[in-house]
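Okay, here's what each chain looks like letter by letter:
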Amino acid sequence: MPLLTFDVIEGRSPAELQTLLDAAHRAVLSAFAVPERDRYQIVHENKAHQMVIEDTGLGLTRSRNLVVVRVFTSPRSEQQKQRFYAELQRELKESCGIEGGDLMVSIVTNAKGDWSFGNGVAQYLTGEL
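Rules of the game
- Along each chain, residues carry numbers from 1 onward, in the same order as the chain's sequence is written.
- For this predicted model, a pLDDT threshold of at least 70 governs which residues receive local features, and a threshold of 80 or more governs which side-chain atom pairs are given and counted, while totals over whole chains, interfaces and linings are taken from all residues.
- No hydrogens and no water enter the side-chain calculation; it runs on all heavy atoms of the structure.
- DSSP-based pairing: two strands are paired if at least 2 bridges between them are found.
- In this description a helix means any DSSP run of H or I spanning at least four residues, a strand means any run of E spanning at least two, and both kinds are numbered starting from the N terminus.
- For crossovers, right-handed means that the path from the first strand over the helix to the second runs clockwise, given strands pointing away from the viewer.
- To estimate how far a helix should reach, multiply one less than its number of residues by 1.5 Å.
- For every residue, the accessible area obtained with a 1.4 Å probe (protein chains only) is divided by the maximum for its type, and the residue is called buried under 20%, exposed over 50%, and partly exposed between those limits.
- By the convention used here, residues are in contact when the closest approach between their heavy atoms is within 4.5 Å.
- For this analysis, a nonpolar core means a set of buried residues of the types Ala, Val, Leu, Ile, Met, Phe, Trp, Tyr and Cys, connected via side-chain atoms within 4.5 Å.
- Lines fitted to C-alpha atoms define the axes here, with helix axes fitted over just the stretch in contact, and angles between the N-to-C directions of these axes take values from 0 to 180 degrees.
- Roughly parallel means an angle under 35 degrees; roughly antiparallel, over 145; roughly perpendicular, 65 to 115; everything else is oblique.
- Two helices cross in a left-handed way if the nearer one is turned anticlockwise from the farther one by less than a right angle. They cross in a right-handed way if the turn is clockwise.
- Basically, the charged four are Asp, Glu, Lys and Arg, the nonpolar ten are Ala, Val, Leu, Ile, Met, Phe, Trp, Tyr, Cys and Pro, and anything else, Gly included, counts as polar.
- What makes a salt bridge here is a side-chain nitrogen of Lys or Arg within 4 Å of a carboxyl oxygen of Asp or Glu, nothing more.

### Quick look at the pairing of strand β2 (residues 40-46)
Next, step 1: Judged from the seven bridges that link them, strand β1 (residues 3-9) and β2 form a sheet pairing that is parallel. Residue valine 8 lies in a different strand from β2, and its bridge partner there is glutamate 45.
Next, step 2: One crossover worth recording links β1 to the parallel β2 by way of helix α1 (residues 14-32), and it is right-handed.

### Side note on α1
Next, step 1: The end-to-end C-alpha distance of α1, which contains 19 residues, comes to 26 Å, matching closely the 27 Å that a straight helix rising 1.5 Å per residue would cover.
Next, step 2: Taken together, the buried positions of α1 are occupied by Leu17, Leu20, Leu21, Ala23, Ala24, His25, Ala27, Val28, Ala31 and Phe32.
Next, step 3: Those residues of α1 hidden inside the fold are in contact with β1, β2, β3 (67-73) and α2 (78-96).

### Here we look at the nonpolar core
Next, step 1: Residues Leu4, Phe6, Val67, Val69, Phe84 and Leu88 are the most contacted members of the largest nonpolar core, which totals 22 residues.
Next, step 2: Counting only elements with at least two residues in this core, the list comes to β1, α1, β3, α2 and β4 (103-109).
Next, step 3: In terms of residue count, α1 provides more of this core than any other element does, nine residues in total.
Next, step 4: Setting aside chain neighbours within four positions, we find leucine 88 in contact with Ala24, Ala27, Val69, Leu103 and Val105.

### Considering the sheet that holds β1
Where strands meet in a sheet, backbone hydrogen bonds hold them as pairs that are either parallel or antiparallel.
Next, step 1: Strand order in the open sheet formed by four strands is β2-β1-β3-β4, with mixed pairing between adjacent strands. The open sheet is flanked by β2 and β4, the only strands paired with a single partner. Taking the axes of each pair of neighbouring strands and ignoring which way they run, one obtains an average angle of 15° across the sheet.

### Considerations on the packing of α1 against α2
Next, step 1: At a minimum axis distance of 8 Å, the contact between α1 and α2 shows a crossing angle of 150°. One element, α1, and the other, α2, form an angle in the roughly antiparallel class. The interaxial crossing formed by α1 with α2 has right-handed handedness. Along its contact with α1, which presents Thr19, Leu20, Ala23, Ala24, Arg26, Ala27, Val28, Ser30, Ala31 and Phe32, the element α2 presents Gln80, Lys81, Arg83, Phe84, Glu87, Leu88, Glu91, Leu92, Ser95 and Cys96.
Next, step 2: Class assignment of the residues belonging to the contact of α1 with α2 gives a composition of eleven nonpolar, four polar and five charged.

### Considerations on the pattern of salt bridges
Next, step 1: Within the structure shown, the criterion is met by nine salt bridges.
Next, step 2: Between glutamate 87 and arginine 90 there is a salt bridge; the shortest N-O distance is 2.8 Å. Separated by three residues within a single helix, glutamate 87 and arginine 90 lie in helix α2, roughly one turn from each other.
Next, step 3: A relative accessible area of 33% means that arginine 90 is categorised as partly exposed.
Next, step 4: Measuring nitrogen to oxygen at the nearest pair gives 3.3 Å for the salt bridge that ties arginine 90 to glutamate 91.
Next, step 5: Residues participating in the shared-partner salt-bridge network are Arg26, Glu87, Arg90, Glu91 and Glu94.

As structure tokens, then:
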């Protein structure tokens, strides 16, 4: 049930974006052990000047390949989060050539009552999920 949003600099082809999304989904499956069809992803394409993502003094190098990922999810263990970060970086490097300095991830935790998958119902609370 994680919902992933991706902010990227415009210019990637539809095929490149699909490859990125597929790689990210493999990382979610591996780290969070969710069902295969538990896939919710949204891409926002931005002009380069609309994304100011510095390095917090870590000496990271950013390029036009920058990807900022927000993961909205129910609580995950610190081990799961660490595995996700590592798996996502590995997948994006192998599949898309995205270097470590071009990936920033933020996980936003919420509760079961914070989700409605449709029909105006909180399916986790009603027992449908």
